[in-house]
Each structure stands twice: as C-alpha cells, then as structure tokens.
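Residues per chain are reported as follows:
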Amino acid sequence: MRRIVWLALGAALSAASLEAQAVPEGSQAARLNLAFRRSPYVGVDPFRHVFSPRWGLVFQTSGAGWNSALDAEDVGALIFLTDDTKNPGGLLIGDILDAMGLVPPGSGIKGAGSGEGGAYLGGPFGGRVSIGVSAQTRAHGAFQIDDEAVRLFRDGTTGGTEFLVGQTDGSGLVTAEGGVHALINLGQFGDDGPRLTLGFGGRLLRPLYYARAEMATDSRASITDTLIAANVDVESWATADPIDGVDDIFDFSRGSGVAGDFLVRLAWPTSGFALEALVANLGSVTVERLERQTLNFDINTISINEVTSTLDTTEFVVQDTVELDVTLPRVIRFSGSGWANRILQLDVAATMPVTGEFEQAMFVELGSTWRLVNSLPLRAGLLLGGRQGIGYTGGFAIESRNFLFRVNGGSLGGLLRRAKGVSGRFELGFFF
Amino acid sequence: MKVLRRLLCVSVPLMVACEPDSITEARDQIGRGGERIVTLGVPIAVDTLRADSIFLDFLGASVDTLANGVMGVPVAGKSARVAVGDSVGPVSGPLDSDTNPLLRFNFEEPTEVSQADLNLGEFASAVQDATLNTVPAVLAFNNTADAPLRLNNLRFGVARIDPATGQPVRDGGGNIVLETDGSGNPIVVALVDPSDTVYTIPRQAIRTDTVAMAPVFDRLTDLVIGGTRAALVAAGRALVGDGSVGTVSATDELTVSIDAKIGIDLTLGVTGASFDSSLVMEGLDIDDPDADQLAERIDTAGVTMLVDNGTPFGVEVTIAAVRDSVTGDVFTKPGVLVLPTLSAGAAPVDANGLAQGSTTGSLGVNLTGQQTLTFFAPQFTAGLRVRLLVPTTGNRGALRPSDRIIIRSGATVKLRVGGGS
C-alpha cells in the first residue's frame, strides 16, 4: 500500500517534466472549476462531492452489477420464463440446461455488484479545506460458481464422471454508513507546478444484513452408469433478524465497523493535467447475530430414485449463532486526466483487483468529457477488463453554480441488450 | 422480479424491451448457445431378487424351506373324515376284526382342493407346465375310538369332481374313479408301516407320518390349475380292534389331516414353464411440462440390463411398461412399451437340480424420447412374461429360498440442448 502511494507521488513530482496540453485561454477548461474537472468513476468514491466548490446538499444513488455469462436478453428471457402469468408452465429442466450452455467452458460463473444511496452535506472552509458529512446505505455482493459445478449440467458426463465443486460461494452485505471526509489543499508548487490535495476520512458502518454461503472445497460428485456418489457440504451464515425499523440501526448489539478513505491528487491548473490515487473502503465490519446453518448431502447409491428421495429430505440445519468479521472490498484506484483541446477532457482510471469475499477483477476506465457548453458536460467512455469484457459508459450533467444534476450509465461487457452488466448513477445537488 | 426487469431495461439508455415477447422467443434466447449433446450415464438400480422374495412379493405365494433345503409352498391344510362309528355301529367288548367281519370296512374319503388352496399365486401356470418332484405331506391320523384302527392298503389318489353333483366321479360299482397315468395305472401314493403289514393307529391317539406325494400332487395341480375340480382321496380298508376290549361309539371317526408343501423342484419340458406377473414401480415423477420437453430433447436413451442368474432355471423375460398403476394384462394396454426379451441362461446344477454358481446375460435397448415418457410418471406398471427354461444339465431344477437373480440396470441418455426452442 505504501509503495503504491510513493509511486503515485513520484509520478506526480516527475510530471513537471512531462509534456502537457496547456489549457487555452478562453476555453471551457480555463473557466471550469477545478472541482468539476474530477470526472465521476464507476464504483465507490467517498470524496466525490467533497471537491464541490460551494456548500451544498447532494442526493445520490448508484449501482453496478455484472456477471460473466448471461447478458441482458438472457436474463430477460429467464425472468419471462419464471413469470407464471406469462409462462404458466414455468421454468423447465430443459430451460435450465439451455442456460447452462451459455456459461463458457472452463470459467464457471462469476458475478458481483454494488450499490449505494444517500446524501452528502458539506463545503469549503476558506480556500484550503473542505469538509463534508455523508449518510448512505451501501451494498456489496459477489458470487462464483465453479466450472466443475456447472459442467455436469452443461456437458453431462461426456468430459468425465468426477465433479469437484471447487470454489463455489456467494456473499452479500448491506450497511448503513455515516462518514466525515475532508480535503486539504496544500497549495501549488511553483508558478506552474501542481496543486497537491490530500484527502482523508472515515465512516462508521452498521450492518443491516449479511448473508454468505459456501461449499466445502472438497465437495464432490461422481456419476457413472453403475454408481452415483456425492458428498457436498454447504455452510451458510445469514442475519437472523433483519433490520425492520430505525431503532434497529442504532442497536449496537448487531455489530459495527469502521472504514477509512484516503486520497492524493495532483492537479496542474494551467495544463489541466491531473493525477490521483484513491484508497478507500479500508476496514471491516463485525456482523453479529448470524445464524449459521449447514447442509450435508451424502449419498452413495446405485439407484437414481434414492438420489431424488435423498434430495427431497436434505435440508439446512441450524447450528448456532455467531459473529463474523467481514472485510470490506477495498478500492485502490489510480487515475489521470488531461485536456485534449478546448472542449475535450480525457480521463483514464485503473481500479485494482479485489480479492476475498467480494472478489473483483481489475478494470480500466477510459473516459471523455465534452463541454460544448461549460456547464453541460456530455460523457462517453469505455470500461475495459473485469470478467465481463468491454463496457460502454455515457452520461450527461448540469453543473452550474447552484445546481448539480448528473446521470451516468454503463453497459458492461457488451452493448445494450448484449451487456453482461449494468451501471448507473444519479446525483442531484443544491449549492448555496 | 418486476423491479429487476425495469432496472435492466431502463437503467441503460436505449436498452429497450430486453424482455422477449413470447415463450418461444425466450427459449430461443437462452438456447442461443448452439445445439449440443449432453450425455448422462446413470445407474437406475441394482436389484438382488431372492427366490423367496420373488415368490412372496411378486407372485403372491408364501414359501417355506423343506428338509432338503428346497423352497416349498405350503398348501392349505386338508382333512378327510372316515366315519368309523357309522361303519361298524356302536360296539363294545373284545373287538377282533380278524374274526368279526362286521369290524372290517372299505373307505374312500375325498377332500376337494381348489387353486386357492395351492397358494401358488402367479406361479401356478409354471407349475402346471412342469412335473413336481418333491411334495412332502405330513399326515396326521386322529382315532377317536377306544379301539385301535388298523389300515390296510392305505393309499392316496386324485379324483375329478363332477361339477353337476359336486361329488367325485364314480364307476358303475360306486367306487371313486382315481386318476391314472399313461399306462392306465392309478396314480396313488401308498402309506405303509415298514415294521408291519398294516398301518395301525392306536386307540384314541394321533399318529403322524410324512409321505412323499409328488405324483399325486403333480396330477392334482394339473387338474386344478387347468380349471378342473379335483379332490384328494384317502382310501383303504379299516380293521377295527385287535382282539382287545374296546368301545366304538356312533360318533367315533378317523380324521386324516394332510399338510403338504409343494417343493419348487421341477422337471421341465423342452418348452419350459411360463408365468405372467405385473408390478407397480416408482417412476421418476417428473411433471408433465418438464417430461414433454425432455422427451422432445432426447436424442437417444439407452437402457442396459445385466442379469446375474443364480437359479437353476434359465430365464426369458419380456417386459412391458405402461404409465400409472393399472390392472389387467399390461401387454394389451394402449400406449404400452414392450421391450425386447431379456434372456439369461441357468446356473450350473448338481445331480439334485440345485444351483451351483451363476450365469450372466445382458440386454441393451434404445428408447425414443416419447417412449421414455412412460418412466417419467410418478408410477408405471411393468408386466412380465417369464419363461423358465431347462437347466444346463438334465431338465430338473430345484429352487432354494436363497437362490437369487441380480439385475443391474443403467441408462445412458443423450439430450439435445441449446439451439433454441
């Protein structure tokens, strides 16, 4: 972590020697507040509105989700087939087998998603400091189904009769958060040097709901024409009594957590070039009152009827109530931006991979902001990497002195109907 | 689900109507991965069928084990009553049948045996086709008179019953006509006392003996199973008293109880012995919409049956299956699925017809998708036409309760998946 920060700082300090397109006199960039040069990115960004040049109240909501196999039309078709009013016959075994064919061999199915919604209130103190407080609800989720678990239904026993379940699990966490974030403008280095801004902040988290299920890695099944054997162990944890009122949010017996967020930004006012390093969501949340259940499916039989009857009687058994320490999916993002011409700003951002419960692959965002009118930016971009393939983002905003309105959307892993993921953001703010 | 649908179709601009317009379009969408063949090989069952359980569970015949280890089917107990008091009248004092002809009389007492009494269930037709070799019968003679009874020329035979009269068929002399063999000799089994010239039952006592009655029961079962009323006949000449003092009252009688067991020790002809059976079995219980779709997608469904026959009889089995639980002849039901005949040779036998080891046989059959619908129901009825064939050596086979047939069945199903609806 420290090495990443030093690398970013080193790159920034050496940027003085880099060639940069100077912001022309009278261009949109020259009249644009530095705060609005910071383009919105996909994912968690606790400092998003702390950069606002005026005191204001901003409401925001966003979400993003993707999977590695099914596109929007596939999901729409499955939803249609499960709708009793549209398909009285319901989803059939053959439909499930068809859907399994959409999973590419060798990779299994992975997916992740996140969402947030809340409000921010803050603004600048003098010319050097900005402080803001925020309250929001945030959700994280991820799942992976090992290809071995899919292979039986996708390929049958053609490719082998042993099926090791491997890494198959899924998690979901919903938290209520309240935070304080601050930016300190350390000033400009030299007449034409970069302006250094440091950001730091923290959030107090209250778990609203948590659920996780995982299969034991040694779970296996073997199917031949003379024997069916399986030993599958599943363990699950879930909040036993979900939040059903405001009072529950302040019930500390349900657990709590803390997250820290940090930012370093170098911006060259004249050239319009900027570099930034963001480390956010560092921390964990302790979730209490989790009901732990286990399921064991153990069979060794020569009769397929025994398999179906055993499946009918196999069920989860409550073991105990426990607490878990859940590590939040940390965000490490490096970004840079610059002005290509009078109206066009280009951005690049790389979000590092996340391991652990809410695993996510690295992805790179390439963005462009077109300011034909200074306060009406139009945005278009590409999202590369991840496990879903190329994505397309776009949006527009109204960024005026007293009013903020932003809408962004993304078609991830494909365009529109072929997208394997989606992202969206809506922001509405008032400045006074 | 509605919220998710709106989110998918609205959150991304211009992503209009990602929900299909019809079921066909929906299935075309998720089947867009291209048609492929998914092969699944699964075991269906391994059934070890003991001879006694086959008889009890499938043929409806209760079984027992005879002294020689062969499986036997107990016949309902029968009894014949000789009215001693009626024949010699009330009498008392020294009773010497050697000197007093009034103390001597011939008797012929029938007792009808029905097919239900044989307790052979669905195996009856096989018994009719075969020759019985082992039928031990326990005979109990109960003498109520206070005088010993000596029985001369005691014998047991079979007689037909005249359906008009309900009585055994008699000749012109009033004697019961006993069944005869191919040479015209009566088919009878005699009971003799090896230490005496007569068979003596002490006064007011019960004497029990076991006698082999295979020839009698072989003819009896042929008649009864073939639909002809028949009776066991106990016949002989009774001599009352041995010279000692005794008393015979008007109600005194000799009751002969017959408890026989039909041993499954059969001699078969060239064509063997056949019987039919049916049983209701659990299906895969797949709902009709799922079943119809799967049936359309089945490319091939191969069923393999391996038979390990540890009985002394070869087996030819033709199986028919029909959906649901039905009664009557399964082979004649509409929509019946008839599988090719499965054959398995007999296990090697010893000189007594007892199996030594086992023999294997196999059957493989391919079913169409529509034919598999039979097995997707919650239940299906299987009809069996079974022919027992002669053993490997000779033509005699004796079945023990522990003799078994092991049937391993498995299926390999190839499904067409993908490629749209």
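Residues numbered from 1 in each chain as written. Chains lettered and ligands numbered in written order. Predicted model: local features only at pLDDT ≥ 70, side-chain atom pairs only at ≥ 80, totals over all residues. Heavy atoms only, no water.

Draft legend 1. Here's a closer look at the pairing of strand β15 (residues 376-385) of chain A. Residue and element names in this part refer to chain A. Bridging between strand β14 (residues 363-373) and β15 involves nine bridges; their strand directions are antiparallel. Looking at the pairing, Ser-368 lines up with Ala-380 of β15. Bridging between β15 and strand β16 (residues 391-399) involves six bridges; their strand directions are antiparallel. Paired with Leu-378 across the two strands is Phe-396, which belongs to β16. (Pairing = 2+ DSSP bridges. Helix = DSSP H or I, 4+ residues; strand = E, 2+ residues; numbered from the N terminus.)

Draft legend 2. View of the nonpolar core. Counting residues in each nonpolar core, the largest one holds 101 residues, and the members touching the most others are B:Phe123, B:Phe141, B:Phe156 and B:Met213. The greatest single-element share of this core, amounting to seven residues, is contributed by helix α7 (residues 214-225) of chain B. Excluding its chain neighbours within four sequence positions, the residues that come into contact with B:Phe156 are B:Leu139, B:Phe141, B:Ile187, B:Val188, B:Val189, B:Leu191, B:Met213, B:Val216, B:Val233, B:Ala234, B:Val256 and B:Ile258. Among the nonpolar cores identified, the runner-up in size contains 16 residues, and A:Ala69, A:Leu81, A:Leu102 and A:Ile109 belong to it. (Core = buried A, V, L, I, M, F, W, Y, C linked by side-chain atoms within 4.5 Å. Buried < 20%, exposed > 50% of the residue type's maximum accessible area, 1.4 Å probe, protein only. Contact = heavy atoms within 4.5 Å.)

Draft legend 3. Geometry of the packing of aromatic side chains. Tallying each qualifying case throughout the model produces nine aromatic pairs over all chains. When the ring of A:Phe403 is compared with that of A:Phe430, the centres are 5.9 Å apart and the planes differ by 55°; the resulting orientation is tilted. Here A:Phe403, found in strand β17 (residues 403-412), pairs with A:Phe430, found in strand β18 (residues 421-431); they are 27 residues apart in sequence, far enough to count as distant. Seen in terms of ring centroids, B:Phe375 and B:Phe380 are 5.1 Å apart; in terms of plane orientation they differ by 85°. Their pairing is edge-to-face. (Phe/Tyr/Trp six-rings, centres within 6.5 Å; stacked < 30°, edge-to-face > 60°.)

Draft legend 4. Looking closely at the sheet that holds strand β1 (residues 36-50) of chain B. Residues and elements named next belong to chain B. Sheet architecture is open: four strands sit in the order β1-β26-β19-β23, paired in antiparallel fashion. Single-partner strands in this sheet number two, and they are β1 and β23 (359-367). For this sheet, the mean inter-axis angle between neighbouring strands, taken without regard to orientation, is 15°. For β1 and strand β26 (residues 404-417), the ladder comprises 14 bridges, and the chain directions are antiparallel. Bridge pairing in β26 links Pro-43 to Gly-410. Across the sheet, helix α9 (residues 369-376) is in contact with β19 (298-309) and β23; its angle to β23 comes to roughly 115°. (Axes fitted to C-alpha atoms, helices over the stretch in contact; angles between N-to-C directions.)

Draft legend 5. Region of the structure containing the packing of helix α8 (residues 288-297) of chain B against α9(B). All names here are of chain B. The geometry of α8 relative to α9 is characterised by a closest axis approach of 8 Å and an angle of 150° between their N-to-C directions. Between α8 and α9 the crossing geometry is right-handed. Facing Ala-291, Asp-292, Leu-294 and Ala-295 of α8, the residues of α9 in contact are Gly-369, Gln-370, Thr-372, Leu-373 and Phe-376. Here the residues of the contact of α8 with α9 sort into five nonpolar, three polar and one charged. (Left-handed = near helix turned anticlockwise from the far one by under 90°. Nonpolar A, V, L, I, M, F, W, Y, C, P; charged D, E, K, R; others polar.)

Draft legend 6. Inspection of the interface of chain B and chain A at higher detail. In this assembly, 48 residues from chain B lie in contact with 52 residues from chain A. Both sides of the chain B and chain A interface together cover about 4,000 Å² of buried area, and 62% of this is carbon and sulfur. Where chain B meets chain A, there are four salt bridges. A salt bridge links B:Arg297 to A:Asp98; its shortest N-O distance comes to 2.6 Å. Between the two partners, chain B and chain A, sit 13 residue pairs in polar contact (both at pLDDT 80 or more). Of all the secondary-structure elements, those providing two or more residues to the side of chain B that touches chain A are α1 (2-10), α2 (23-30), β1, α8 and β26 of chain B. If one sorts the elements of the side of chain B that touches chain A by residue count, β1(B) sits on top with 11 residues. Each residue belonging to the side of chain B that touches chain A can be placed in one class, and the counts come to 28 nonpolar, 11 polar and nine charged. (Buried area = accessible area lost by both parts, 1.4 Å probe. Salt bridge = Lys/Arg side-chain N within 4 Å of Asp/Glu carboxyl O. Polar contact = N/O pair within 3.5 Å; in protein donor to acceptor, adjacent residues only side chain to side chain.)

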